[in-house]
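Architecture at a glance
Chain by chain, the residues run as shown.
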Amino acid sequence: MLELPIHPLLRFVIVRPHYPENVGAAARAIKTMGFTRLVLVKPGKMAEPGHVMAIKMAVKSLDVLEAAPVVPDVKSALVDVDFTYATTARRGVSGVLTARQAARDAIARAKRGERLAFMFGNEKTGLAEEDLMGAHARMRIPMAADQPSINLGQAVQVTAYELFVAALEARELEGAGE
């Protein structure tokens, strides 16, 4: 698997997931882009990593799913993290980055050795206000339709993709500068 400098410095944190399918889909989504660090904060009873539907959705990503720690709170998930991006679909939140802008910012931070987290909320309610405001930056995936949000697994996939592409671009620029 291709490993870029950002890969070991970044974790995906899912707070209070409800559906096991989304937990498995998130594991698959991040692994396809070279990431392996998934943390689950207080998942619902069904959203445990060992649930049959989580396993079913984590195609060729069981290693990520099985290694995902389950922690009781956001503070535990962010131990040793230098910078956190909180995702939101809420309107009216100021200073929100697009997924592409957040990815480019994360690449620059990783280049300085910062440890990073991208935090996603529950499928039904998103992140709690305190978690959203406690993060260093907020991110939203732009959408054309007047749809409140996309599926949690899809949001993780889009974010992981943007991070991977930004990391590839940074590697190409560094190679061109030598």
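Shown above is the structure to which this text applies.
Treat the numbers as computed from the prediction; the structure is a model and nothing was measured.

**Considering the overall build of the chain**
- For the chain, the helix and strand inventory stands at seven helices and seven strands.
- Along the chain, helices (α) and strands (β) appear in the sequence β-α-β-α-α-β-α-β-β-α-β-α-β-α when read from the amino end.
- Radius of gyration (C-alpha) of the chain: 15 Å, near the 16 Å computed for a compact globule of 178 residues.
- Judged by the C-alpha coordinates and their principal axes, the chain covers about 50 × 40 × 35 Å.
- Counted over contacts in the chain with a minimum sequence separation of 6, partners at least 24 positions apart contribute 84%.
- About 9,100 Å² of surface is accessible on the chain, with carbon and sulfur atoms providing 55% of the total.
- A distance of 3 Å separates the average location of the 22 positive side-chain charges in the chain from that of its 20 negative side-chain charges.

**Here we look at the layout of surface pockets**
- For the largest pocket, the calculated volume is near 510 Å³.
- For the largest pocket, the lining is made up of 24 residues, of which T88, A89, G126, S149 and I150 are closest to its centre.

**What about the environment of G92?**
- Here G92 shows up in the loop between strand 4 (83–87) and strand 5 (96–98).
- The exposure class assigned to G92 is exposed, which follows from its relative accessible area of 80%.
- Expressed as a C-alpha distance, the spacing of G92 and T125, which sit 33 residues apart in the sequence, is 16 Å.

**Here we look at the environment of I150**
- You can see I150 is positioned in the loop between strand 7 (137–140) and helix 7 (152–176).
- The exposure class of I150 is partly exposed, given its relative accessible area of 29%.
- Sequence-wise, I150 and E123 are 27 residues apart; in three dimensions their C-alpha atoms are separated by 9.0 Å.
- I150 has contacts with I141, M143, A155 and V158, leaving out every residue within four places of it along the chain.

**A look at the packing of aromatic side chains**
- This model, assessed by the stated rule, comprises five aromatic pairs.
- Ring centres 5.4 Å apart and planes at 75° place the aromatic pair F12 and F35 in the edge-to-face group. Of this pair, F12 sits in strand 1 (residues 10–15) while F35 is found in the loop between helix 1 (20–32) and strand 2 (38–41), placing the two residues 23 residues apart along the sequence. Summarising the burial analysis for this pair, F12 and F35 share the class buried.
- Arranged with centres 4.3 Å apart and planes meeting at 10°, the rings of Y85 and F118 form a pair that is stacked. Separated by 33 residues along the polypeptide, Y85 in strand 4 and F118 in strand 6 (residues 116–120) bring together distant segments of the chain. For the pair Y85 and F118, one class covers both residues: buried.

Rules and cut-offs
Residues numbered from 1 in each chain as written. Predicted model: local features only at pLDDT ≥ 70, side-chain atom pairs only at ≥ 80, totals over all residues. Heavy atoms only, no water. Helix = DSSP H or I, 4+ residues; strand = E, 2+ residues; numbered from the N terminus. Rg over C-alpha atoms; globule rule 2.2 N^0.38 Å. Contact = heavy atoms within 4.5 Å. Areas by Shrake-Rupley, 256 points an atom, 1.4 Å probe, with all protein chains shown as cover. Lys, Arg positive; Asp, Glu negative; His and termini not counted. Charge placed at Lys NZ, Arg CZ, Asp CG, Glu CD. 1 Å grid on protein atoms, 1.4 Å probe; cavity = no way out; pocket = protein on both sides within 12 Å on 5 of 7 lines; lining within 4 Å. Points joined across faces, edges and corners; volume = space filled by probe spheres on them. Buried < 20%, exposed > 50% of the residue type's maximum accessible area, 1.4 Å probe, protein only. Phe/Tyr/Trp six-rings, centres within 6.5 Å; stacked < 30°, edge-to-face > 60°.

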